[in-house]
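Architecture at a glance
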Amino acid sequence: MKPAPFGYHRARDVDGAARLLAELGDDAKVIAGGQSLVAMMNFRLARPRHLVDIAGLHELKRMHRDPSGALHIGALTTHHTVETDPEGQLGAHFAVLREAMRWIGHLPIRTRGTVGGSIAHADATAEWCLLSLALEAEFVARGPRGERRIAAGDFFLGYYTSVLEPDEILVEIVFPRPAPHAALTEFAERQGDFALVSATVNLDIAEGAVRGGRVALGGVAASVIRVPQAEAVLADGGSFADCAAVAADAVDPPGDESGSAQYRKQLVRTLVLRACEEAMSR
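Here goes a summary of the coordinates provided. This structure is a prediction, so every number in the text was calculated from the model and none was measured.

Another aspect to go through is unusual backbone geometry. One non-glycine residue, Ala122, adopts positive backbone phi at about 60 degrees. As for its position among the elements, Ala122 is in the loop between helix 6 (115-121) and helix 7 (127-134). Judged by its relative accessible area of 2%, Ala122 is buried. Its identity is not glycine, yet Tyr160 carries a phi of approximately 50 degrees, on the positive side. By the secondary structure assignment, Tyr160 is in the loop between strand 8 (156-158) and strand 9 (161-162).

Shown next as structure tokens:
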């Protein structure tokens, strides 16, 4: 299918893009890599009257570590750039980000799709949404009212919905602390398909023992979620198997033609255990 008619606007800088969005109103959408939006437009699931193209804003394509050790990823950084880590910014402390990229679609998608686009799209199965939640990332958004920081835990509201205002642009993702003991795993019917269920675990380890951690799940609710019940098991010194069982009991996933609710709960149990073991092995 072909998209409905739309106007095309090419932004020259971030502030100009924000002004365009404010002028064009709710009928405008930002396009960067276009890997999600264009597909939705082709199926007429999205019908924006205007597209504001920010793909040429090179200042949003940087990835660097600051003196505190925090990792900054520009919103227009592609998945493939993270996967290849050409500047060696990730190292062992953020290896989970590099390794998680293999789960995202196929290589042509990873070379065009952007980190910020994936997060702004707010898909409940998206790897970047899950990683940002488990690693307690912060998002930097800019609009006509200035710049603001949004915690990942406050960003996602529901199906393809976030707190990002229509005239705001996501410009940077900040991972404030190293995550040397984190892992993401998921299950899809075919390599490159959207995950039925995905899990990320970020363990806190001191002197070889697990002291706590974060457990985040995708594909079991309207948005990516943390599972505090499972995190409490880790903080209390419980086993990874107990953590996984509690995580499965804590969620109430939807059922559809791809799998029943009970099937997804079993996937949660399997994937959380696997993620815990992979994170511990780092």
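Okay, the pairing of strand 10 (residues 169-175) next. Burial within strand 10 is extensive, with 7 of its 7 residues counted as buried. Here 4 bridges tie strand 5 (residues 71-74) to strand 10, and the two strands are oriented antiparallel to one another. Opposite Gly74, over in strand 10, you have Glu172 as the bridge partner. As judged from the 5 bridges shared by strand 6 (residues 138-143) and strand 10, these two strands associate in the antiparallel manner. Among the inter-strand pairings, Val140 is bridged to a residue of strand 10, identified as Glu172.

Right, let's talk about the packing of aromatic side chains for a bit. A full pass over the atoms with the stated rule returns 5 aromatic pairs. Taking the centre distance of 6.1 Å and the plane angle of 80 degrees together, the rings of Phe139 and Phe156 count as edge-to-face. Of this pair, Phe139 sits in strand 6 while Phe156 sits in strand 8, and the two are 17 residues apart along the sequence. For the pair formed by Phe139 and Phe156, the shared burial category is buried. An angle of 85 degrees between the planes, with centres 5.1 Å apart, marks the rings of Phe155 and Phe156 as edge-to-face. Residue Phe155 shares its accessibility class with Phe156, and that shared class is buried. In this structure an aromatic cluster arises from ring pairing among Phe94, Trp128 and Phe175.

The rules behind the values
Residues numbered from 1 in each chain as written. Predicted model: local features only at pLDDT ≥ 70, side-chain atom pairs only at ≥ 80, totals over all residues. Heavy atoms only, no water. Helix = DSSP H or I, 4+ residues; strand = E, 2+ residues; numbered from the N terminus. Buried < 20%, exposed > 50% of the residue type's maximum accessible area, 1.4 Å probe, protein only. Pairing = 2+ DSSP bridges. Phe/Tyr/Trp six-rings, centres within 6.5 Å; stacked < 30°, edge-to-face > 60°.

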